[in-house]
Amino acid sequence: MLSLDPLGPKWDCPLGSKDLEEEEGPWGGGSGLPPPGCFPGSWHQDVGLDCKGSLEGAEARAWTVYYYSLLQSCLQQAGLPETQDRSQVPRTGNMLLCLSPTWLTKVPALGQPGEAVLLVSKAVSFHPGGLTFLDDFVPPRRATYFLAGLGLGPGRGREAAELARDLTCPTGASAELARLLEDRLLTRRLLAQHGGVAVPATLAFTYKPPALLRGWEASPGLRLVELSGKEDQQTLVKEEVGAFLHSGALADALQVAVKLSGWRWRGRQALRVYPRVELSTVVDTVLALLEKLEEEESVLVEAVCPPARLPFPGSPPPGPELAVRICAVVCRTQGDRPLLSKVVCSVGREDRPLRHQSSLPQTLEAALARCGLGEAGQVAVVRRRVKAAAEAALAAVLALEAGLSAEQRGGRRARTDFLGVDFALTVEGRVLTPVALELNSGLCLEACGALEGLWAAQRPRSAAEDAAAAPLVETMLRRSAHCLVEGKQLLLIGAGGVSKKFVWEAARDYGLKLHLVESDPNHFASQLVQTFIHFDVTEHRRDEENARLLAELVRARGLQLDGCFSYWDDCLVLTALLCQELGLPCSPPAAMRLAKQKSCTQLHLLRCHGPPWPAPSLHAVPCCPLESEADVEKAVHQVPLPGVMKLEFGAGAVGVRLVEDAPQCHEHFSQIARDLQGEADHPGIGLGWGNAMLLMEFIEGTEHDVDLVLFGGRLLAAFVSDNGPTRLPGFTETAACMPTGLAPEQEAQLVQAAFRCCLGCGLLDGVFNVELKLTGAGPKLIEINPRMGGFYLRDWILELYGVDLLLAAAMVACGLRPALPTHPRARGHLVGVMCLVSQHLQVLSSTASRETLQALHDQGLLRLNWLEEVLVPGEYEEPYCSVACAGSSPAEARLRLLGLCQGLGIDGPHYPVAHFLSHFK
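Since the structure is predicted, the reported quantities are computational estimates derived from the model, not experimental observations.

Some details on the pairing of strand E4 (residues 116-127)
Link 1 in the chain: Most of E4 sits inside the fold, with 11 of its 12 residues counted as buried.
Link 2 in the chain: In the sheet, strand E3 (residues 104-108) pairs with E4 via five bridges, with the strands oriented antiparallel. Paired with Thr105 across the two strands is Leu119, which belongs to E4.
Link 3 in the chain: Alignment of E4 against strand E5 (residues 131-142), held across eight bridges, turns out to be antiparallel. Across the sheet, residue Lys122 finds its bridge partner in E5, namely Asp136.
Link 4 in the chain: Here E4 folds back onto E5, and the loop between the two strands holds three residues, one of which, Gly129, carries a positive phi near 85 degrees.

Points about the side chain of Glu703
Link 1 in the chain: Mapped onto the elements of the fold, Glu703 is located in strand E23 (residues 702-711).
Link 2 in the chain: Lys773 provides the closest opposite charge to the buried, salt-bridge-free Glu703, at an N-O distance of 5.0 Å.
Link 3 in the chain: When neighbours within four sequence positions are excluded, Glu703 is seen to be in contact with Ser721, Asp722, Asn723, Thr726, Glu771, Leu772, Lys773 and Ile782.

As for the nonpolar core
Link 1 in the chain: Trp504, Leu514, Leu853, Val883 and Leu917 are the most contacted members of the largest nonpolar core, which has 79 residues in total.
Link 2 in the chain: By residue number, the principal contributor to this core is helix H21 (residues 805-813), which donates nine residues.
Link 3 in the chain: Aside from chain neighbours lying at most four places away, what touches Leu853 is Leu844, Ala848, Leu862, Leu864, Trp866, Cys881, Val883 and Leu904.
Link 4 in the chain: Among the nonpolar cores identified, the runner-up in size contains 51 residues, and Ile533, Leu559, Leu561 and Leu774 belong to it.

Notes on the packing of aromatic side chains
What describes a pair of aromatic rings is the distance from one ring centre to the other and the angle between the planes of the rings.
Link 1 in the chain: All chains considered together, the criterion is met by 10 aromatic pairs.
Link 2 in the chain: Ring geometry for Phe698 against Phe731: centres 6.3 Å apart, planes inclined by 55 degrees, an arrangement best described as tilted. Taken as a pair, Phe698 in the loop between strand E22 (693-697) and E23 and Phe731 in the loop between strand E24 (714-723) and strand E25 (735-738) lie far apart in primary sequence, 33 residues in all.
Link 3 in the chain: Taking relative accessible area as the criterion, Phe698 reaches 16% and is therefore assigned buried.
Link 4 in the chain: The interplanar angle of 70 degrees and the centroid separation of 4.8 Å between the aromatic rings of Tyr911 and Phe916 together place this pair among those described as edge-to-face.
Link 5 in the chain: Among the residues examined, Tyr911 registers a relative accessible area of 2% and is labelled buried.
Link 6 in the chain: By relative accessible area, which is 4% here, Phe916 ends up buried.
Link 7 in the chain: The rings of Trp63, Tyr66 and Tyr67 are connected pair by pair, giving a single aromatic cluster.
Link 8 in the chain: For the cation-ring pair, Lys122 lies above Trp103, with the distance from its terminal atom to the ring centre recorded as 6.0 Å.
Link 9 in the chain: The ring of Trp866 carries Arg850 above its face, with NZ or CZ at 3.9 Å from the centroid.

Focus on the sheet that holds strand E18 (residues 563-565)
Link 1 in the chain: Read from one edge of the open sheet, four strands run E17-E16-E15-E18, paired in parallel fashion. Edge strands, defined here as strands with exactly one partner in the open sheet, are strand E17 (531-534) and E18. Strand-to-strand, the axes of this sheet are offset by a mean angle of 20 degrees, without reference to chain direction.
Link 2 in the chain: Both strand E15 (residues 489-493) and E18 contribute to a ladder of three bridges, which runs parallel. Residue pairing across strands places Leu491 opposite Cys564, the latter belonging to E18.
Link 3 in the chain: Its contacts with the sheet put H21 on E15 and E18, and the angle it makes with E18 is roughly 130 degrees.

Conventions and cut-offs
Residues numbered from 1 in each chain as written. Predicted model: local features only at pLDDT ≥ 70, side-chain atom pairs only at ≥ 80, totals over all residues. Heavy atoms only, no water. Buried < 20%, exposed > 50% of the residue type's maximum accessible area, 1.4 Å probe, protein only. Helix = DSSP H or I, 4+ residues; strand = E, 2+ residues; numbered from the N terminus. Pairing = 2+ DSSP bridges. Lys, Arg positive; Asp, Glu negative; His and termini not counted. Salt bridge = Lys/Arg side-chain N within 4 Å of Asp/Glu carboxyl O. Contact = heavy atoms within 4.5 Å. Core = buried A, V, L, I, M, F, W, Y, C linked by side-chain atoms within 4.5 Å. Phe/Tyr/Trp six-rings, centres within 6.5 Å; stacked < 30°, edge-to-face > 60°. Lys NZ or Arg CZ within 6 Å of the ring centre and 35° of its normal. Axes fitted to C-alpha atoms, helices over the stretch in contact; angles between N-to-C directions.

Any functional reading would require information that these geometric values do not contain.
Okay, structure coming up:
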């Protein structure tokens, strides 16, 4: 027997369990004073830890000092500066650490009965470069996201649980949800039945089970025995335990563990492990523990998973067999999808327990190598299985939470944003299998932090250096942003077409109140907004006058706006002028005009020689504006040919053409002057400004899009995608890949070129799409689109990075700085091709019909973005739709897409998809 009983062996903690790793103390929310002198080091002690107007008692004060010392110790070990006391001159920060409950206050929320606003009066704020500041906030700052260490016992865990309950801001955990995770019986049933995750064979005796366990359906290896009482159960217990110990569910397990399950026993029980053959001893232990049961608790008898006997090359290793304990941190990301963040392991003797905070954290590769499994392919298999099981575990938890009421969750906005999953590595059917032992909230994340601390000193970068909390932080920032924009009143200029239908659904989900200005009185979006203002915005020569008229309409209707923005090319200058009239945040109208007129963009940037250097002129391309035949004649002598002719204010590559000599230049100019004279000839591409053109030098190189988020002239985020070769002599897009396959240095060159060109034009605030070519001499600018990227770009960036450009644009328009991850990690790869009516009319009416493509999208076999509504061929066409496939690598995504296009008939001699994808190899 292995237990904490004084009569048992000397081992003082359980075998392969983490129960005793949460012993009472600073991590368990226990009462009493903290341990003295825990943290060696030197830092200032005379800092202002008291919060004005909310004084602490001696015991609470001791804990605040303890946590402050812990923070300083962590900073010191990481080589970072000591926290500076800036209480008198507080700085603002996005991430605030509160070391005492007295630093926080809950006040009733106006108009939201039963809910409270959380206010921060004092906190440690975090800044780039490892700087931390101790700040006081007068008046207190409103929390837009809250994540707390929870507990129901006396001490700070209970106070944190009370602070987290029923908040108006999103919370990443609650005591109610933590209760569910701590119930091993419930979570094992959940994982086995709904997650398909291997769990230890378990026999459970319960007295008045919780509601979520009532109506238990039998699962292989999981049996629940509901008791009518806690006494006189000897016969039933003996029969059930005997049947369990002799059942095939235990497979090769030679030992069983007996434990109590329930929140009350979190970190306060002795785990007992017995040989499987000792029936009477197991029965006696179960009967003894039954006496301690209360309602909704249980006694578990579970198989102790035998450690995997891993093949060791050469002679067997000396000493005892080693066991591996695997901890996985998995986070909830965009769309409530689980994402494995990091895996950390501990290794120890099989005959001794592996304690969480008493085990050296190691990478999976290092841990398996110590046990004899060092072949990269086998390690990759184990990692894939751990990833699949951990993500399935969180998916099962999220599915459970979705069916709970707000009261059951601990608040309307309470969710589980991350999860720790503990696995034993064993063999099932000659296959290395991770078996989920338990779920936890913070211990696995803490173990990952300890592993990351190995790289605190300046050493070569390693994969283990990537922060396990990065996806969690992204989720915090995203949920915080949702909180900030909820209820904001936004004026939207121009509704756009079918490709922008996502706007209305997103606005509803974010709680945005949209007021729309649109030329089409019958636009479907007129029924989806708070206010619809019918106004002709197509005559752009009157933009200044129209801005004044619209400002008067807004004031007359009494609209109290927080911001105004547009994502529609035609309306960008008008939007900037209207923002200026209404005093709302936006880039200056002059900057919008400069970016909107393509020849002005290039000619202006050519004159920007710096400083600073590298200057925007390095990326600009020679060009000439064309308004008459005489301009064409002059341009062919100034711009090297071949060149590119395009509309000054055009969009969607309509009317763009490669011209190789002077006759082609004259011919194309005449054709555009004849065919595209005004808005009615091709709505939505900028003909309201006229049909002037420009001739610019043709640049050889690969084409790329850079989507930027700027706030106050600072670059907050950038996303680079690669484009396939265009179909010359036109320049309609054919294919795309995200994230970029370029080397990091080339990617950085593109981002900086796009950023410098935006700044050079005066674009300081907003979401912008910059098209560039990467040449042998570096990036060259094609054009700046002073709005968020069109076609599929918003959808792809949201899918791969969890960043919504629409939300970012709305926040900037409201004067709110989006808190975006500086170096977001893509969660896969997307490769797509465009379908054109001129090339695919037959297949789009048959094998690749709208219904077929939509069904494949709904099944997750492709990613579909509709760009047009009707199948009408024309000489000046835009893509009809984008069809993409996902993969864990560009090659996988590319092969899937090519096979799909061949099967649907999208690929063909006149539309060679393999050629369009060739840039992405």
